[in-house]
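Fold and contact review
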Amino acid sequence: MRHFLTLKDFTKNEILEMITLAQKIKQQTKQRKFVPYMEKQTLGMIFEKSSTRTRVSFETGIYQLGGVGLFLSSNDIQLGRGEPMKDTSRVISRMVDMVMIRTFEQSKIEEFAKFSKVPVVNGLTDAYHPVQIMTDYLTMLEFGKENPTVAYVGDGNNITHSWLMLAAKLGFDLRVATPKGYECDASIVSEALAFAKESGAKISFSTDPKEAVKGCDVVTTDTWVSMGQEDEKEVRMKAFDGYIVDETLMNLAKEDAIFLHCLPAYRGYEVSEETFEKHAEVIFTEAENRLHAQKGIMVWLDNHRI
Ligand code: CP
Ligand code: NVA
């Protein structure tokens, strides 16, 4: 049995298998063919943080696969009153067929997975957002960016860490520009660089958005204030001054470069209104692709049970 906690645990081939499945299932879905790959299965969905896309896409996704999603907000289950993660895991995983969790520390989802009888999927932690990045890869392929140079501008966070792992595993080039003090986690960087050595990915880091974006195929960013960092908002706004992705910056990328955003977007901060709206078709296809990419991941995990 496999868990989907970080892309670190998967080979290039396995990542591509999930993407191929997602593409096939997307095509079927678009033809209104809902193949019950996971008939009668229940997906437990534990949320310790807010969500729009993750909740709707997983709940709809499992339903379209013939199963049902169970929305479990930590405010409403005993986990929120202090029941240990390992007990929650031992109870819920005896009743459902797969679990998706959105939580804080990566160690919490690892703890859940350790005690789980069923596959566990990371729906975002402080360290990673791997289902989002699989979605972003699916979207890049759809927009003709097969072997891209990607520039990430902004906070060195869960999204950036996931980009690092995706690029390092698949072997494409990634340039990360973060302000001083908001770099990626050093241990995740060193793990990613070790994978990059094997795959041939060129990964670079700087504090200069212009240098990162120059001549690239894909530009991406994320909020400057992630969930759980609300108290740091004021300090962060100052630190990220000059890191907005706007048309001046986009003009340095290739003419046909696309812009991705995992959403929610904060216009006037990490992205300008103009750039956001100019790339809205790609951005909202990316949002829709959460549904399709995650179906690929769930079906792949279901096929790898023993
Ligand atoms: N991108 C993303 O995960 O969105 P939600 O927080 O709305 O789920
Ligand atoms: N980095 C953001 C991503 C939201 C989808 C957060 O963790 O809040």
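Only a predicted model underlies this, so the values are computations on that prediction, with no experimental measurement involved.

Rules and cut-offs
Residues numbered from 1 in each chain as written. Chains lettered and ligands numbered in written order. Predicted model: local features only at pLDDT ≥ 70, side-chain atom pairs only at ≥ 80, totals over all residues. Heavy atoms only, no water. Core = buried A, V, L, I, M, F, W, Y, C linked by side-chain atoms within 4.5 Å. Buried < 20%, exposed > 50% of the residue type's maximum accessible area, 1.4 Å probe, protein only. Helix = DSSP H or I, 4+ residues; strand = E, 2+ residues; numbered from the N terminus. Contact = heavy atoms within 4.5 Å. Phe/Tyr/Trp six-rings, centres within 6.5 Å; stacked < 30°, edge-to-face > 60°. Lys NZ or Arg CZ within 6 Å of the ring centre and 35° of its normal. Salt bridge = Lys/Arg side-chain N within 4 Å of Asp/Glu carboxyl O. 1 Å grid on protein atoms, 1.4 Å probe; cavity = no way out; pocket = protein on both sides within 12 Å on 5 of 7 lines; lining within 4 Å. Points joined across faces, edges and corners; volume = space filled by probe spheres on them. Nonpolar A, V, L, I, M, F, W, Y, C, P; charged D, E, K, R; others polar. Near = heavy atom within 4 Å. Polar contact = N/O pair within 3.5 Å; in protein donor to acceptor, adjacent residues only side chain to side chain. Areas by Shrake-Rupley, 256 points an atom, 1.4 Å probe, with all protein chains shown as cover. Sits in = over half its atoms within 2 Å of the grid points.

1. What to know about the nonpolar core
Ranked by size, the top nonpolar core spans 59 residues in total, and within it F4, W163, L164 and L166 carry the most contacts. The element that contributes the greatest number of residues to this core is helix 6 (residues 158-170), accounting for eight residues. W163 has contacts with I133, D136, M140, V150, Y152, F172, L174, T220 and L260, leaving out every residue within four places of it along the chain. V153, V219, F240 and A253 belong to the second largest nonpolar core, which has 23 residues in total.

2. Focus: the packing of aromatic side chains
Inspection of the entire model under this criterion finds nine aromatic pairs. A ring pair is formed by F10 and W300, whose centres lie 5.7 Å apart and whose planes are at 75°; its orientation type is edge-to-face. With F10 in the segment before helix 1 (12-30) and W300 in helix 12 (residues 280-303), this residue pair connects regions lying 290 residues apart in the sequence. With a relative accessible area of 2%, W300 lands in the buried category. On the numbers, 4.9 Å between centres and 50° between planes, the contact of Y182 with F240 is tilted. Residue Y182 is found in the loop between strand 6 (173-177) and helix 7 (186-199), and its partner F240 is found in the loop between helix 9 (233-239) and helix 10 (247-250); the two are separated by 58 residues along the sequence. The burial state of Y182 is the same as that of F240; both residues are buried. Following the ring pairs from residue to residue traces out a cluster consisting of Y182, W224, F240, Y243 and Y269. Positioned above the aromatic ring of F104, the side-chain terminus of K49 is 4.6 Å from the ring centre.

3. Some thoughts on the pattern of salt bridges
Pairing between side chains becomes possible if they bear opposite charge and their charged atoms approach one another. The tally for this structure, following the rule as stated, stands at 17 salt bridges. Two residues, K30 and E288, come together in a salt bridge whose shortest N-O distance is 2.8 Å. Taken together, the residues span a long stretch of sequence, with K30 in helix 1 and E288 in helix 12 at a distance of 258 residues. Salt-bridge contacts for K254 lead to D217; the nearest nitrogen and oxygen are separated by 2.8 Å. Taken together, the residues K254 in the loop between helix 10 and strand 9 (258-261) and D217 in the loop between helix 8 (209-213) and strand 8 (218-221) connect sequence positions 37 residues apart. Among the residues examined, K254 registers a relative accessible area of 41% and is labelled partly exposed.

4. Looking at the layout of surface pockets
Approximately 600 Å³ is the volume found for the largest pocket. Lining the largest pocket are 34 residues, and of these T223, V225, S226, M227 and P264 lie nearest its centre. Looking at the lining of the largest pocket, the elements with two or more residues in it are helix 2 (53-64), helix 6 and helix 9. The residue inventory of the lining of the largest pocket, partitioned by class, reads eleven nonpolar, 13 polar and ten charged.

5. Some thoughts on the site of ligand 1
Every residue lining ligand 1 is accounted for by S51, T52, R53, T54, R102, H129, Q132, C262, L263 and R290. Here a nitrogen atom of ligand 1 sits 3.0 Å away from a polar atom, N or O, in the side chain of Q132. C262 is positioned with one of its backbone polar atoms (N or O) 2.9 Å from a nitrogen atom of ligand 1. Relative to its unbound accessible area of 260 Å², ligand 1 is 95% covered by the protein chains. Comparing atom positions with the cavity grids shows ligand 1 to sit within the largest pocket.

6. Re the site of ligand 2
Near ligand 2, the surroundings consist of L124, N157, N158, D222, T223, S226, M227 and L263. In this structure, S226 approaches ligand 2 through a side-chain N or O atom, which is 2.7 Å from a nitrogen atom. Given that more than half its atoms are within 2 Å of the pocket grid, ligand 2 belongs to the largest pocket. Looking at the shell around ligand 2 residue by residue, the classes come out as three nonpolar, four polar and one charged.

That's the geometry; what it means functionally is another story.
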